[in-house]
Amino acid sequence: MAYQIFHGTVIHSLGPSDLIILESALLVVGANGKIINLVEDTPKDKVPSILSSLDIPSSALRDVRYLTRGQFLIPGFVDTHNHAPQWAQRGLGQSMHILDWLEQVTFPNEARFRDPAYARRVYSSCVDGFLKQGITTASYYGSLHAEATKILADICLEKGQRALIGKCNMDRNAPEYYRDANAAASLADTEDCIAHVRRIDPEGVLLKHVLTPRFAISCSPELLGGLGVLAAANTDLPIQTHFNEAEQEMKFTQELFPQFKGSEADLYAHYGLLGERSILAHCCHMSEHEMSRVAELGCGVAHCPISNMTVGGGFMAAPVREFLRRGIKVGLGTDSGGGFSSSILDAMRQALVASNAREVMSGGEHKGLNIGELFYLATLGGAKVCSLDSRIGNFEVGKEFDALFIDANALGVMTILDDEDSIRTIFDKFVMTGDDRNIKEVYIRGRSVKS
Ligand code: GUN
Ligand code: FE
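These lines cover the structure that appears in this document, whether it is placed above or below. (Residues numbered from 1 in each chain as written. Chains lettered and ligands numbered in written order. Predicted model: local features only at pLDDT ≥ 70, side-chain atom pairs only at ≥ 80, totals over all residues. Heavy atoms only, no water.)

**Considering the packing of helix α11 (residues 344–361) against helix α13 (residues 423–433)**
Here is step 1: Their axes nearest at 7 Å, the elements α11 and α13 cross at an angle of 95 degrees. The pairing of α11 with α13 is recorded here as roughly perpendicular in orientation. Residues L345, M348, R349 and L352 of α11 form the contact with α13, whose own contacting residues are F430, V431, M432 and T433.
Here is step 2: Considering only residue class, the contact of α11 with α13 consists of six nonpolar, one polar and one charged. (Axes fitted to C-alpha atoms, helices over the stretch in contact; angles between N-to-C directions. Helix = DSSP H or I, 4+ residues; strand = E, 2+ residues; numbered from the N terminus. Parallel < 35°, antiparallel > 145°, perpendicular 65-115°, else oblique. Contact = heavy atoms within 4.5 Å. Nonpolar A, V, L, I, M, F, W, Y, C, P; charged D, E, K, R; others polar.)

**Comments concerning the sheet that holds strand β7 (residues 135–141)**
Here is step 1: Taken in spatial order, the four strands make up an open sheet running β6-β7-β8-β10, and their pairing is parallel. A single partner strand is all that each edge strand has here, and the edge strands are β6 (77–83) and β10 (207–209). Shown here is a sheet whose adjacent strand axes are inclined to one another by a mean of 15 degrees, direction ignored.
Here is step 2: Direction of pairing for β7 relative to strand β8 (residues 162–166): parallel, over a ladder of five bridges. Across the sheet, the residue bridging to A138 is A163, located in β8. (Pairing = 2+ DSSP bridges.)

**Some words on the coordination of the iron ion (ligand 2)**
Here is step 1: In the first shell of the iron ion (ligand 2), the protein supplies H81 (NE2), H83 (NE2), H242 (NE2) and D335 (OD), at 2.1 to 2.4 Å from the metal.
Here is step 2: Sequence positions of the donors to the iron ion (ligand 2) reduce to the motif H-x1-H-x158-H-x92-D. Taken together, the positions of H83 in strand β6 and H242 in strand β12 (residues 239–243) put the pair 159 residues apart, joining distant regions of the chain. The two residues H83 and H242 agree in class, both being buried. (Donors = N, O, S within 2.8 Å, 3.2 Å for Na, K, Ca; no water. Buried < 20%, exposed > 50% of the residue type's maximum accessible area, 1.4 Å probe, protein only.)

**As for the pairing of β7**
Here is step 1: In terms of burial, β7 is a largely internal element, seven of the seven residues being buried.
Here is step 2: With five bridges connecting them, β6 and β7 associate as parallel partners. Bridging from a neighbouring strand, F77 pairs with I135 of β7.

**Points about the site of ligand 1**
Here is step 1: Taken together, H83, Q86, I98, W101, L102, R214, F215, H242, E245, H282 and D335 are the residues near ligand 1.
Here is step 2: Q86 places a polar side-chain atom, nitrogen or oxygen, 2.9 Å from an oxygen atom of ligand 1.
Here is step 3: Out of a free accessible area of 280 Å², ligand 1 has 100% covered by protein chains.
Here is step 4: When residues in the shell around ligand 1 are grouped by element, the largest group, three residues, is from helix α2 (residues 98–111).
Here is step 5: Counted by class, the shell around ligand 1 contains four nonpolar, four polar and three charged residues. (Near = heavy atom within 4 Å. Polar contact = N/O pair within 3.5 Å; in protein donor to acceptor, adjacent residues only side chain to side chain. Areas by Shrake-Rupley, 256 points an atom, 1.4 Å probe, with all protein chains shown as cover.)

**Considering the state of the cysteines**
Here is step 1: Applying the stated criterion to the full structure yields zero disulfides.
Here is step 2: Here C156 stays free of any disulfide, with the sulfur of C126 as its closest cysteine sulfur at 7.5 Å.
Here is step 3: C386 forms no disulfide, and the closest cysteine sulfur to it belongs to C304, at a distance of 11 Å. (Disulfide = S-S within 2.5 Å.)

**What about the pattern of salt bridges?**
Here is step 1: As enumerated under the stated definition, the model contains 21 salt bridges in all.
Here is step 2: Ionic pairing is found between R293 and D266, a salt bridge with its closest N-O pair at 2.8 Å. Of the two residues, R293 is situated in helix α9 (residues 288–297) and D266 in helix α8 (residues 264–270); the sequence distance between them amounts to 27 residues.
Here is step 3: Between R326 and E288 there is a salt bridge whose closest N-O contact spans 2.7 Å. In this pair, R326 sits in the loop between α10 (320–325) and β15 (329–332) while E288 sits in helix α9, placing the two residues 38 residues apart along the sequence.
Here is step 4: Given the relative accessible area of 26%, R326 is considered partly exposed.
Here is step 5: E288 gets classed as exposed once you look at its relative accessible area, which sits at 52%.
Here is step 6: One salt-bridge network, held together by shared partners, links R162, R391, E400, D402 and R445. (Salt bridge = Lys/Arg side-chain N within 4 Å of Asp/Glu carboxyl O.)

**A word on the packing of aromatic side chains**
What characterises a pair of aromatic rings is the spacing of the ring centres plus the angle enclosed by the ring planes.
Here is step 1: Scanning all chains against the criterion turns up 16 aromatic pairs.
Here is step 2: Measuring from centroid to centroid gives 6.3 Å for F130 and Y140, while their planes differ by 65 degrees, and the two rings are edge-to-face. One end of the pair, F130, is in helix α3 (residues 116–132); the other, Y140, is in strand β7, and ten residues separate them in sequence. Of the two residues examined, F130 and Y140, each falls in the buried class. (Phe/Tyr/Trp six-rings, centres within 6.5 Å; stacked < 30°, edge-to-face > 60°.)

**Some words on the environment of C193**
Here is step 1: Note that C193 resides in helix α5 (residues 183–200).
Here is step 2: Between the C-alpha atoms of C193 and I165, which are 28 residues apart in sequence, the distance is 9.0 Å.
Here is step 3: In contact with C193, not counting residues within four places along its chain, are A146, T149, K150, K167 and H209.

**Here's the deal with the nonpolar core**
Here is step 1: One finds I74, F77, Y140, F323, M348 and F430 to be the most contacted residues of the largest nonpolar core, which totals 113 residues.
Here is step 2: When residues in this core are grouped by element, the largest group, eight residues, is from α3.
Here is step 3: Apart from the residues within four sequence positions on either side, F323 is in contact with C283, M286, M291, V301, A318, I328 and V330. (Core = buried A, V, L, I, M, F, W, Y, C linked by side-chain atoms within 4.5 Å.)

**Brief notes about unusual backbone geometry**
Here is step 1: Phi is positive for D335, which is not a glycine, with a value near 50 degrees.
Here is step 2: Turning to its location among the elements, D335 is positioned in the loop between β15 and α11.
Here is step 3: The class of D335 is buried, set by a relative accessible area of 4%.
Here is step 4: At R445, a position not held by glycine, the phi torsion is positive, near 50 degrees.

**Description of helix α12 (residues 371–385)**
Residue pairs spaced three or four apart in an α-helix point in one direction, given the helix's 3.6 residues per turn.
Here is step 1: Across its 15 residues, α12 extends 19 Å between first and last C-alpha, which sits within 8% of the 21 Å expected from 1.5 Å per residue.
Here is step 2: A maximum bend of about 45 degrees is found in α12 at L377.
Here is step 3: Counting buried positions over the 15 residues of α12 gives 14, a clear majority of the element.
Here is step 4: Immediately beyond the C-terminal end of α12, within one or two residues, lies S387, with a positive phi of roughly 55 degrees. (Expected span 1.5 Å × (residues − 1). Bend = angle between axes of the 7 residues up to and from the residue.)

Pasting the structure below:
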């Protein structure tokens, strides 16, 4: 692969309140898929001389992509919480409470992944579907099956998606037909999956295994402890679980682990599962004690506003403003399966709705989120949650080129452009009304992956 060079509008985030819009930037991607230059304020006629000052051969000039009005580059979206097997059950069981939904809809569906041929078919469609919607990085829960989880890893690598992939651990409180035989078998399957991911991507160029205790309800103390030992022995591996999602879940967790007095933070910390590598999905109900522990320990939050208001039980608006105020890492999750959409654009919109609800519920204390903040959560915030922000999340020089080529004029249903629209207005129209038809091209490490 030679240089890839883009000239035009580039939009990215440097922080929650630091949305950067560069109207005529020159962005150069090297053969290794890394951003080697981002030059601001470059008039089109200066492109040849600037490229030559950067020691880029003049032969590269003919391949410069000049973006036109309505076209811009943004970083790829990061989905911090996603159940790959639930790709096949999206939209089902909406408005059920969490434990009923797991038992009646999710476990029967996930059990089907015992069949490797079925897993290959669904996971192939799943990864294509997420890539098409601009999700360049996903943190996936697999099913409990080692074979299917290894297939998911193979497919992500083949199709070029950056992914954390976890064999789901669950050895109790699930039907006999869908649970790990015991803690030892669950841990052995996990080690098998860790080894597989290391074998197919030894440098971790795109993939990592993520330790994935489904949640405390479905894991025996022995299994949680064993995963804590694996986490300590493998400091490169992230950890993910569901955390304070819904009342029904929290109540049952407390019954199973009364010694932690209702604190899931103390529970997971006890088993060695909380730290900077932890990705905690939901965090809808947080006591002051849990907020400060999560902040101290440096855990990240996967905010899933769509499933929080459809499956789970009730109307759960997580305190995202408060996470940001305390410097807790937050990103967005589609929670594919729970919820009606697998689009990060939809998750951004629903995060806005949830934050407005939270503003009302908190008597005005937790102000609603703005579009710049939503975009941050979908990109750099998610990269931080996945501990990938030194490599992706925005277009800083040296990072890998995970990017979306947006065309606001593409045939679709996005709000039409006006002649006098500023770039900021076009960006807002895309965030609030665009869809995958406006995501014309998707790049991961410089490789074009949207077919
Ligand atoms: N808690 C345990 N498993 C799940 C799941 O699959 N989805 C959601 N939303 N919550 C969970
Ligand atoms: Fe989930």
